[in-house]
Number of protein chains: 2
Amino acid sequence: MAKDMRVALLLDFYGDLLTEKQKDSLEFYYNDDLSLGEIAANLGISRQGVRDNIKRAEAILLEMEDKLKLAEKFSEIRQRLLSVRTAVDVIDRKNMRVYRSDEINESIKTILAELDRLDKLNE
Amino acid sequence: MAKDMRVALLLDFYGDLLTEKQKDSLEFYYNDDLSLGEIAANLGISRQGVRDNIKRAEAILLEMEDKLKLAEKFSEIRQRLLSVRTAVDVIDRKNMRVYRSDEINESIKTILAELDRLDKLNE
């Protein structure tokens, strides 16, 4: 059974839509790298049951991303926020070195604090 | 049947998870303010069918938001981006009035362009 590494990422976004057993199976398989047999023992279900859970859960996650594109959107948000942060750093260095404006410094602090909170939302 | 105005917003986020008839029913009801009878005539189904579609679709949207909190997250993103924009405007005015740095001006332009693109993602 081939691992699809998109699944580990999609689990963060859509994991709450899965049943407990589906979610556990995927986490053991993708995040903890357990074998089907180990997962079966952990969950007290058959090896085939684990395989079915994983197949079904993977299909749900991929279908959700196909429809909602949440991982794609958040990846773009993350890249654009990084670009904002780089541009803010340029202003910050210039201000520190040359103008030493408190007003600009305060605004930069506000922006960086908001960017930190946005990054947290994006995790 | 009471209208729940959160539904109109959630339709933007999760509408693609509904069946065509469910989505059409909600859009006619919430966005176009048609009566159940008018929607029934438009879709060629019974008035009771329309009512069932709406009830079922509303439940799906509310359940999805309860689990994924997408509308809530994007609302917070929107507010934080607005706060970033306000702080960037302060730097922009100060720079225009006092320092006239091309380097700062270029960085501000980059930030504003990224904010515009982020706003579009958020629509």
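Treat the numbers as computed from the prediction; the structure is a model and nothing was measured.

Thresholds applied
Residues numbered from 1 in each chain as written. Chains lettered and ligands numbered in written order. Predicted model: local features only at pLDDT ≥ 70, side-chain atom pairs only at ≥ 80, totals over all residues. Heavy atoms only, no water. Contact = heavy atoms within 4.5 Å. Salt bridge = Lys/Arg side-chain N within 4 Å of Asp/Glu carboxyl O. Polar contact = N/O pair within 3.5 Å; in protein donor to acceptor, adjacent residues only side chain to side chain. Helix = DSSP H or I, 4+ residues; strand = E, 2+ residues; numbered from the N terminus. Buried < 20%, exposed > 50% of the residue type's maximum accessible area, 1.4 Å probe, protein only. Least-squares fit on C-alpha atoms with pLDDT ≥ 70 in both. Domains from an automatic or database assignment. 1 Å grid on protein atoms, 1.4 Å probe; cavity = no way out; pocket = protein on both sides within 12 Å on 5 of 7 lines; lining within 4 Å. Points joined across faces, edges and corners; volume = space filled by probe spheres on them. Nonpolar A, V, L, I, M, F, W, Y, C, P; charged D, E, K, R; others polar. Axes fitted to C-alpha atoms, helices over the stretch in contact; angles between N-to-C directions. Parallel < 35°, antiparallel > 145°, perpendicular 65-115°, else oblique. Left-handed = near helix turned anticlockwise from the far one by under 90°.

Novice: Mind showing me how you'd approach the interface of chain A and chain B here?
Specialist: Reports often express the size of an interface as the amount of accessible area lost when the parts come together. Tallying the contact residues gives 34 residues for chain A and 34 residues for chain B. In this structure, the connection of chain A to chain B is made through four salt bridges. Across the salt bridge formed by A:Lys94 and B:Glu103, the nearest N and O atoms sit 3.1 Å from each other. For the interface between chain A and chain B, the tally reads six residue pairs in polar contact (both at pLDDT 80 or more). Breaking the side of chain A that touches chain B down by element, the ones donating at least two residues are helix H1 (6-14), helix H4 (47-68), helix H5 (70-99) and helix H6 (102-121) of chain A.

Novice: What am I meant to see in unusual backbone geometry here?
Specialist: All names here are of chain A. The phi angle at Lys69 is positive, at roughly 55 degrees, despite the residue not being glycine. Take Lys69: it is sitting in the loop between H4 and H5. We classify Lys69 as partly exposed; its relative accessible area is 30%.

Novice: Looking at this structure, I do not really get the relation of the copies chain A and chain B. What am I missing?
Specialist: Both copies of the chain are related by a screw-like operation: a rotation about an axis and a shift along it. Rotating chain A by 180 degrees and moving it 0.0 Å along the rotation axis overlays it on chain B with an RMSD of 0.1 Å. Such a combination of turn and shift is consistent with a two-fold rotation axis. Ranked by how close their C-alpha atoms come to the rotation axis, the residues of chain A are headed by A:Tyr99, at 3.8 Å. A shared interface surface links the copies, since 100% of the contact residues of chain A are contact residues in chain B too.

Novice: Any chance you could explain the domain arrangement of chain A here in plain terms?
Specialist: As assigned here, chain A comprises domain 1 (6-68) and domain 2 (72-121). Here domain 1 of chain A and domain 2 of chain A have C-alpha centroids that lie 37 Å from each other.

Novice: How do you make sense of the layout of surface pockets when you look at a structure like this?
Specialist: In this approach, a probe sized like a water molecule rolls over the atoms, and the result shows the empty space that is left. The calculated volume of the largest pocket comes to roughly 330 Å³. Looking at the largest pocket, the residues that line it are A:Leu17, A:Arg56, A:Ile60, A:Glu63, A:Met64, A:Lys67, B:Leu17, B:Arg56, B:Ile60, B:Glu63, B:Met64 and B:Lys67. Secondary structure elements with two or more residues in the lining of the largest pocket: H4 of chain A together with helix H4 (47-68) of chain B. Split by residue class, the lining of the largest pocket holds six nonpolar, no polar and six charged.

Novice: Looking at this structure, how should I read the packing of helix H2 (residues 20-31) of chain A against helix H3 (residues 36-43) of chain A?
Specialist: A packed helix pair is summarised by two numbers, namely the angle formed by the two axes and the spacing between the axes. Residue and element names in this part refer to chain A. Following both chains from N to C, one finds H2 and H3 inclined at 140 degrees, their axes separated by 10 Å at the closest point. Relative to H3, H2 is oriented oblique. Crossing of H2 over H3 shows right-handed handedness. Between H2 and H3, the residues in contact are Lys21, Asp24, Ser25, Phe28 and Tyr29 and Leu36, Ile39, Asn42 and Leu43, respectively. A breakdown of the residues in the contact of H2 with H3 according to their chemical character gives five nonpolar, two polar and two charged.

Novice: I'm lost on the packing of helix H1 (residues 6-14) of chain B against helix H2 (residues 20-31) of chain B in this one. Help?
Specialist: All names here are of chain B. Put simply, H1 and H2 touch, their axes get as near as 10 Å, and they point 140 degrees apart. The angle between H1 and H2 places the two elements in the oblique class. Crossing angle aside, the handedness with which H1 passes H2 is left-handed. Contacts from Val7, Ala8 and Leu11 of H1 reach H2 at Lys23, Leu26, Glu27, Tyr30 and Asn31. Considered class by class, the residues forming the contact of H1 with H2 number five nonpolar, one polar and two charged.

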